[in-house]
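Observations on the three-dimensional arrangement
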Amino acid sequence: MASDINYQDGPDFSRRDESPTEDEPIHSPGSRQTEYERIGGRTGSSVLQTIIHLLKGNIGTGLLGLPLAVRNAGLLVGPLSLLIMGIVAVHCMNLLVKCAHHLSAKLGKPFLSYGDAVEYGMENVSWLSRHSIWGRHVVNLFLNITQLGFCCVYFVFLSDNVKQVVETANATTGNCHNNETAVPVPSYDSRLYMVFFLPFIILLVFIRNLKYLAPLSFAANICMCASLVLIYYYCLTNIPNPINLPLAGRGADYPLFFGTAIFAFEGIGVVLPLENKMQNPRNFTKVLYLGMGIVTFLYISLGTIGYIGFGEEIRGSITLNLPLCWLYQIVKLLYSFGIYITYALQFYVSAEILIPPAVARCGPRWALMVDLSIRVALVGLTCALAILIPELDLVISLVGSVSSSALALIIPPLLQIITFHNEDMKPWVFAKDILISVLGFVGFIAGTYTSIQEIVARNGDRHNSTVL
């Protein structure tokens, strides 16, 4: 359930010349904190609301792909790795909040986005200060890759699940325990389903104000929650006995696990907006640990029981393994509806980054035309990329390895180093940050290479089978 909190939420201080406090003197610590909390204030989010938004920002298609990720790592290594990655990811989220707090207080600014924090952090290092604007550009680049990558995943998810429902319609029964009553009827290629969804998604992203999507977003979240409950129920009631699955997977498959797992921890971009919009931001650390603790538990539990339940037959999304009865066919359609609406929410982030600069370059007469044209082009791009790589598990792993690893693991520890390097940073903290960034970078390289290698291999196999 991806978040409807925009990564760029809050006052737009993305450029220094737009900040109302740019020429103001630096305030005392007390006044800085008061000003920082003013944005949330009494009208801000409560603790419960913040937890709900945090859950929404981290639970999406990545959760459904974790059983396959656990298969790639092994029944023991997979859950342990998810636990470790969860701890590290939450730690990096907390680092981002601490650095943004420190820099906002130092500069007298009430809000810093992820890009702001990296840019102003680089200004703390003399040899980086001249190029600090590139810090913002790099973060925005990875945000765009991440968000548009999510959108590619949604195209593949929609086509795979709807295709399966259509092809097995004549095999669908009311009996969820013995439902193989007919042979599935092959239909169109999954890529044609993507083309079919294209105009409907274009119409969806033409809704430029998120408040008009709020009712649909609420309905989508209800659908996805209900679907997850039924998925958990099926997995828990169909655990085989005995369990004969490898405790560790092949080393060559572990980078695919890394990409899928880090894709699932997709919510670092919502951390700063949520923290800033709380009624009392001082409570955010507790909220972060509680919310992400729930998220990590969901990841480990569904990844483990999903792999146990379906074994080596597990597919890129666990929904594709559900039985061919009406109850679970409806689950697939409900989750697909939720993902369809979520596309617009994830797309909104990239639209807010890319469209305003383009619109600013043209006159008011052409503003709407340029806005809508860019939206059509971006949706078309995500559809084209999904058609080129119609493999759900590999798209998830590739997006996770390329961009999610940078935003969630590589950049936050480096940001702490450049923010606090001249403030008596302890050697063990420096070593810890370097270690996390290096591990994130290794995962980035290995996951990207392995994902691309698998994509090429599967495309070659598909081409050969088509020729034959």
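Cut-off values and rules
- Residues numbered from 1 in each chain as written.
- Predicted model: local features only at pLDDT ≥ 70, side-chain atom pairs only at ≥ 80, totals over all residues.
- Heavy atoms only, no water.
- Helix = DSSP H or I, 4+ residues; strand = E, 2+ residues; numbered from the N terminus.
- Buried < 20%, exposed > 50% of the residue type's maximum accessible area, 1.4 Å probe, protein only.
- Areas by Shrake-Rupley, 256 points an atom, 1.4 Å probe, with all protein chains shown as cover.
- Core = buried A, V, L, I, M, F, W, Y, C linked by side-chain atoms within 4.5 Å.
- Contact = heavy atoms within 4.5 Å.
- Phe/Tyr/Trp six-rings, centres within 6.5 Å; stacked < 30°, edge-to-face > 60°.
- 1 Å grid on protein atoms, 1.4 Å probe; cavity = no way out; pocket = protein on both sides within 12 Å on 5 of 7 lines; lining within 4 Å.
- Points joined across faces, edges and corners; volume = space filled by probe spheres on them.
- pLDDT = per-residue confidence, 0-100.
- Axes fitted to C-alpha atoms, helices over the stretch in contact; angles between N-to-C directions.
- Parallel < 35°, antiparallel > 145°, perpendicular 65-115°, else oblique.
- Left-handed = near helix turned anticlockwise from the far one by under 90°.
- Nonpolar A, V, L, I, M, F, W, Y, C, P; charged D, E, K, R; others polar.
- Patch = residues over 30% accessible without salt bridge, like charges linked within 9 Å, V, L, I, M, F, W, Y side chains within 5 Å.
- Salt bridge = Lys/Arg side-chain N within 4 Å of Asp/Glu carboxyl O.
- Expected span 1.5 Å × (residues − 1).
- Polar contact = N/O pair within 3.5 Å; in protein donor to acceptor, adjacent residues only side chain to side chain.

**Some thoughts on the overall build of the protein**
Along the backbone of the protein there are 17 helices and zero strands. The buried share of the protein, taken over its 468 residues, is 56%. By element, 66% of the accessible surface of the protein is carried by carbon and sulfur atoms, the whole surface being about 20,600 Å².

**Focus on the nonpolar core**
Core analysis: the biggest nonpolar cluster contains 131 residues, and Phe155, Ile201 and Tyr343 have the highest contact counts within it. For Phe155, the residues in contact, after removing those within four places along its chain, are Met194, Phe197, Leu198, Ile201, Tyr343, Val379, Thr382, Cys383 and Ala386.

**Remarks on the packing of aromatic side chains**
What the rule picks out here adds up to eleven aromatic pairs. Taken together, a centroid distance of 5.9 Å and an interplanar angle of 15 degrees make the contact between Tyr234 and Phe310 stacked. On the criterion of sequence distance, the pair formed by Tyr234 in helix H10 (residues 214-236) and Phe310 in helix H13 (residues 284-310) is long-range, its members being 76 residues apart. This pair shows no difference in class: Tyr234 is buried, exactly as Phe310 is. Measuring from ring centre to ring centre gives 6.0 Å for Phe441 and Phe444, while their planes differ by 25 degrees; the resulting arrangement is stacked. Residue Phe441 and its partner Phe444 are both found in helix H17 (residues 427-467); the two are separated by three residues, about one turn of the helix. Among the aromatic residues, those joined into a cluster by ring pairs are Phe155, Tyr343 and Phe347.

**Quick look at empty space enclosed by the protein**
Counted by the stated rule, this structure contains four cavities of 30 Å³ or more. Size it by volume and the second largest cavity reaches roughly 60 Å³. If you trace the second largest cavity, you find eleven residues lining it, with Thr146, Glu266, Ile268, Ser404 and Leu407 closest to the centre. At the level of elements, helix H8 (133-167) and helix H16 (392-420) are the ones that each hand at least two residues to the lining of the second largest cavity.

**Observations regarding the confidence of the model for the protein**
With 87% of its residues at a pLDDT of 70 or more, the protein has an overall mean of 83. Confidence, read as mean pLDDT per element, is least for helix H1 (residues 29-37) in the protein (43) and greatest for helix H4 (residues 66-73) (94). In the model, residues 1-40 has pLDDT below 50 throughout and makes 105 contacts with residues more than four positions away in sequence or in other chains.

**What to know about the environment of Ile239**
By secondary structure assignment, the location of Ile239 is in the loop between H10 and helix H11 (254-264). The sequence separation of Ile239 and Ile305 amounts to 66 residues, and the corresponding C-alpha distance is 7.4 Å.

**What about the packing of H11 against H16?**
Relative orientation of the contacting elements H11 and H16 amounts to 65 degrees, with a least axis distance of 7 Å. In terms of orientation, H11 lies roughly perpendicular with respect to H16. Where H11 crosses over H16, the two elements pack in a sense that is left-handed. Facing Pro255, Leu256, Phe258, Gly259, Thr260, Ile262 and Phe263 of H11, the residues of H16 in contact are Asp393, Leu394, Ile396, Ser397, Val399, Gly400, Ser401, Ser404, Ser405, Ala408 and Leu409. Its residues assigned to classes, the contact of H11 with H16 comprises ten nonpolar, seven polar and one charged.

**What to know about a nonpolar patch on the surface**
A cluster of nonpolar side chains, contributed by Leu414, Phe430, Ile434, Val438 and Val442, occupies part of the molecular surface with about 390 Å² of accessible area. Take the nonpolar patch: its biggest share by element is four residues, from H17. In this fold, Phe430 is placed in helix H17. Phe430 gets classed as partly exposed once you look at its relative accessible area, which sits at 41%.

**Observations regarding H13**
Spanning 27 residues, H13 covers 38 Å between terminal C-alpha atoms, matching the ideal 39 Å at 1.5 Å per step. Downstream of H13 by one or two residues, Gly311 has phi in the positive range, about 60 degrees.

**Notes on the side chain of Asp253**
Structurally, the position occupied by Asp253 is in the loop between H10 and H11. Polar contacts involving the side chain of Asp253 include one to the side chain of Arg250, which spans 2.9 Å.

**Thoughts on the pattern of salt bridges**
As enumerated under the stated definition, the model contains ten salt bridges in all. Two residues, Arg250 and Asp253, come together in a salt bridge whose shortest N-O distance is 2.9 Å. Since its relative accessible area comes to 15%, Asp253 is described here as buried. The salt bridge partner of Asp433 is Lys432, with a shortest N-O separation of 2.8 Å. The burial state of Asp433 is the same as that of Lys432; both residues are buried. Through salt bridges with shared partners, a single network forms among Asp116, Glu119 and Arg136.

**Some words on the environment of Pro273**
Along the polypeptide, Pro273 turns up in helix H12 (residues 271-276). Look at Pro273 and you get buried, because its relative accessible area is 1%. Through-space distance from the C-alpha of Pro273 to that of Leu112 is 8.7 Å; in sequence the pair is 161 residues apart.

**Some remarks on helix H6 (residues 114-122)**
Given 3.6 residues per turn, any residue in an α-helix points the same way as the ones three and four places further on. Counting buried positions along H6 gives nine out of nine residues, so the element sits mostly inside the fold. If you check which residues of H6 are buried, you get Tyr114, Gly115, Asp116, Ala117, Val118, Glu119, Tyr120, Gly121 and Met122. If you follow the buried residues of H6, they end up packed against helix H5 (77-107), helix H7 (126-129), H8, H12 and H16.

**What to know about the packing of helix H14 (residues 326-360) against helix H15 (residues 364-388)**
Put simply, H14 and H15 touch, their axes get as near as 10 Å, and they point 135 degrees apart. As judged from the angle between their axes, H14 and H15 are oblique. Crossing geometry of H14 relative to H15 is assigned as right-handed. Residue-level contacts link Tyr343, Phe347, Ala351, Leu354, Ile355, Ala358 and Val359 of H14 to Ala367, Val370, Asp371, Ile374, Arg375, Leu378, Val379 and Thr382 of H15.

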